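# Report on the structure
Chain by chain, the residues run as shown.
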Amino acid sequence: MNKNIRNNLKTATSALLGSAAVMAPVASTHALESNEGWETDVAVLVYNEADRVSAFEPAIATKKTFDDESVLGFKFVFDALTGASANGAATSDQIQTFTRPSGNGDYTTAAGDTPLDDTFRDTRISLTANYETPVGRLNKMVYGANFSNEYDFLSLGGSATYLQDINERNTTFSAGVSFEYDSIKPVGGKPLPLSQMKANTETQVRDGADDTRIMTELLLGVTQVIDSNTLMQFNYGFAMSDGYHNDAYKVTSVLNSSGDLIAANGLNGTYLYESRPDSRSKHSLYGKVKHFLSGDVVDVSYRYMWDDWKVASSTVDFHYRKNFSKGFYLEPHVRYYSQEAAEFYQYSITDTEASALVASNGNLTSDYRLGDMTATTVGLKLGFLTPNGNKNSVRLEMYTQEPDLNESVEAVILQYNYQF
């Protein structure tokens, strides 16, 4: 399961459909478009990494506003991923052979190439429900529930958010909490952390068939109307998770002092399965400004995240919506992301380091998603109306990720949205 790709798809689809998350409410001064019938968004997203993973994701979101101003909404997402996924091993000037996660068969990487498992397959079904209801003239509650299922992963979650308006409804305070339960069942079972990968003709050391993880998140926020043209939002988030955090499909290369492979276990290299801590706590600060400029809309946000794994990241996101007549608009988008590596991240280790690490039962990962990296997204969205007045939009984005010491990843994202 490639969480980095999942996050890219989730971000793109949320932008496409309009986020259903209850943990980031907007100011209560936002006008509802209709009090009759259902408002529905249908979206199709295509994601393609050069020589790696491709994804196809249709989604639908619908909501109804009732006479008492309560709102009921649902979102359904299906996505299918195919292609090749990096397994974490280091590039080598020698041919490398790896055992497949199931233990049935192997795959080979040519000298000088990034080790990729070219049989990567995944499908996901996700359903989200939200209910927003007034509890007074100036306050309301938003409740949410979500379900997500993949062939090796099941997630169940719920959330609740309280919103309070003050200052003639120009200020909205929010406080929310969410809970998530994950069940992870890797193909072939869980490898014993820091155990060595063995050839498919040998028995791999396993640490059970499945495991679980629980996450709790708290979000506090304030949204402020500055003037008739400007809106600002600030959030603080705290998340804590306990349980299984390893990616069962990732390994780290063990090299000799000359940087060469060490043949072992029926393979021409030595590879340790990763070991991550069994808990993680994360903090985040988020700020956003939306400004109406002569009929156009400027939207700028910044997010800083840090955790007890020593991962720290900064995200700057910029949208400028240029409105034209008859519902036509163009919206350029630029996003920049930078990340500092986890304290237990290493691109590769020596056999001496590996022996010491195993003896101390330490932590280790070579998953580039936890390493130093930068990523840039540049895109353009085109919006227009159909003859009957329904909204359409098409977005094309180019995504480039530059992991430290790893091969860069380039992707194209194309998405279409229709609202009725």
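Rules used in this analysis
Residues numbered from 1 in each chain as written. Predicted model: local features only at pLDDT ≥ 70, side-chain atom pairs only at ≥ 80, totals over all residues. Heavy atoms only, no water. Helix = DSSP H or I, 4+ residues; strand = E, 2+ residues; numbered from the N terminus. Rg over C-alpha atoms; globule rule 2.2 N^0.38 Å. Buried < 20%, exposed > 50% of the residue type's maximum accessible area, 1.4 Å probe, protein only. Contact = heavy atoms within 4.5 Å. Areas by Shrake-Rupley, 256 points an atom, 1.4 Å probe, with all protein chains shown as cover. Lys, Arg positive; Asp, Glu negative; His and termini not counted. Charge placed at Lys NZ, Arg CZ, Asp CG, Glu CD. Core = buried A, V, L, I, M, F, W, Y, C linked by side-chain atoms within 4.5 Å. Salt bridge = Lys/Arg side-chain N within 4 Å of Asp/Glu carboxyl O. 1 Å grid on protein atoms, 1.4 Å probe; cavity = no way out; pocket = protein on both sides within 12 Å on 5 of 7 lines; lining within 4 Å. Points joined across faces, edges and corners; volume = space filled by probe spheres on them. Nonpolar A, V, L, I, M, F, W, Y, C, P; charged D, E, K, R; others polar. Phe/Tyr/Trp six-rings, centres within 6.5 Å; stacked < 30°, edge-to-face > 60°. Lys NZ or Arg CZ within 6 Å of the ring centre and 35° of its normal. Pairing = 2+ DSSP bridges. Axes fitted to C-alpha atoms, helices over the stretch in contact; angles between N-to-C directions. pLDDT = per-residue confidence, 0-100.

Moving on to the overall build of the protein chain. A tally of helices and strands in the protein chain yields two helices and 21 strands. A globule of 420 residues ought to have a C-alpha radius of gyration of about 22 Å, and the protein chain, at 23 Å, matches this closely. Based on the C-alpha atoms only, the size of the protein chain along its principal axes is roughly 70 × 40 × 30 Å. Across the 420 residues of the protein chain, 45% fall into the buried class. When contacts within the protein chain are restricted to residue pairs at least 6 apart in sequence, long-range pairs at least 24 apart make up 61% of them. For the protein chain, the accessible area works out to roughly 19,900 Å², and carbon and sulfur atoms hold 57% of it. Averaging the locations of the 34 positively and 52 negatively charged side chains of the protein chain gives two centres separated by 6 Å.

One finds Tyr47, Leu81, Tyr368 and Tyr399 to be the most contacted residues of the largest nonpolar core, which totals 17 residues. Of all the secondary structure elements, the ones that give two or more residues to this core are β1 (38–49), β3 (71–86), β6 (116–134), β19 (373–385) and β21 (409–419).

To continue, consider the pattern of salt bridges. Scanning the entire structure with this criterion turns up 19 salt bridges. The partner of Arg395 in a salt bridge is Glu331, with the nearest N and O atoms 3.6 Å apart. Here Arg395, found in strand β20 (residues 391–403), pairs with Glu331, found in strand β17 (residues 329–340); they are 64 residues apart in sequence, far enough to count as distant. Arg395 gets classed as buried once you look at its relative accessible area, which sits at 5%. Measuring nitrogen to oxygen at the nearest pair gives 3.1 Å for the salt bridge that ties Arg395 to Glu397. For Glu397, a relative accessible area of 7% gives the class buried. One connected set of salt bridges, linked through shared partners, spans Asp247, Glu274, Arg276, Asp367 and Arg369.

So, about empty space enclosed by the protein. For the structure shown, the criterion picks out five cavities of 30 Å³ or more. Empty space within the second largest cavity amounts to approximately 90 Å³. Every residue along the wall of the second largest cavity is listed here: Arg52, Ala86, Gly88, Ala89, Thr114, Pro115, Ser366, Tyr368, Asn406 and Glu407. For the lining of the second largest cavity, the class distribution of residues is four nonpolar, four polar and two charged.

In this structure, the second largest pocket encloses a volume near 380 Å³. Within the residue set of the lining of the second largest pocket, elements represented by two or more residues are β3 and β6. Taken together, the residues of the lining of the second largest pocket sort by class into 12 nonpolar, six polar and six charged.

In this structure the tally under the stated criterion is six aromatic pairs. Pairwise contacts between aromatic rings join Phe98, Tyr107 and Tyr271 into one cluster. For Arg280, the ring lying beneath its charged end belongs to Trp309, and the centroid distance is 4.3 Å. A cation over an aromatic ring shows up here: Arg321 above the ring of Tyr329, its NZ or CZ 3.6 Å from the ring centre.

Here we come to the sheet that holds strand β12 (residues 251–255). Taken together, the three strands give an open sheet; going across it, the order is β13-β12-β18, and neighbouring strands pair in mixed fashion. Each of the sheet's edge strands pairs with one partner strand only, and the pair in question is β13 (270–273) and β18 (348–350). In this sheet, adjacent strand axes meet at a mean angle of 35 degrees when their direction is disregarded. Relative to β18, β12 runs parallel, the two sharing three bridges. Of the residues in β18, the one forming a bridge with Leu255 is Thr350. Seen against the sheet, helix α2 (residues 351–360) touches β12, β13 and β18 and runs at an angle of roughly 90 degrees to β18.

Attention shifts here to the confidence of the model for the protein chain. A residue-level look at the protein chain finds 91% of positions with pLDDT of 70 or above and a mean pLDDT of 92. Low pLDDT, under 50, characterises residues 18–35; the stretch is placed with 41 contacts to residues that sit more than four places away or in other chains.

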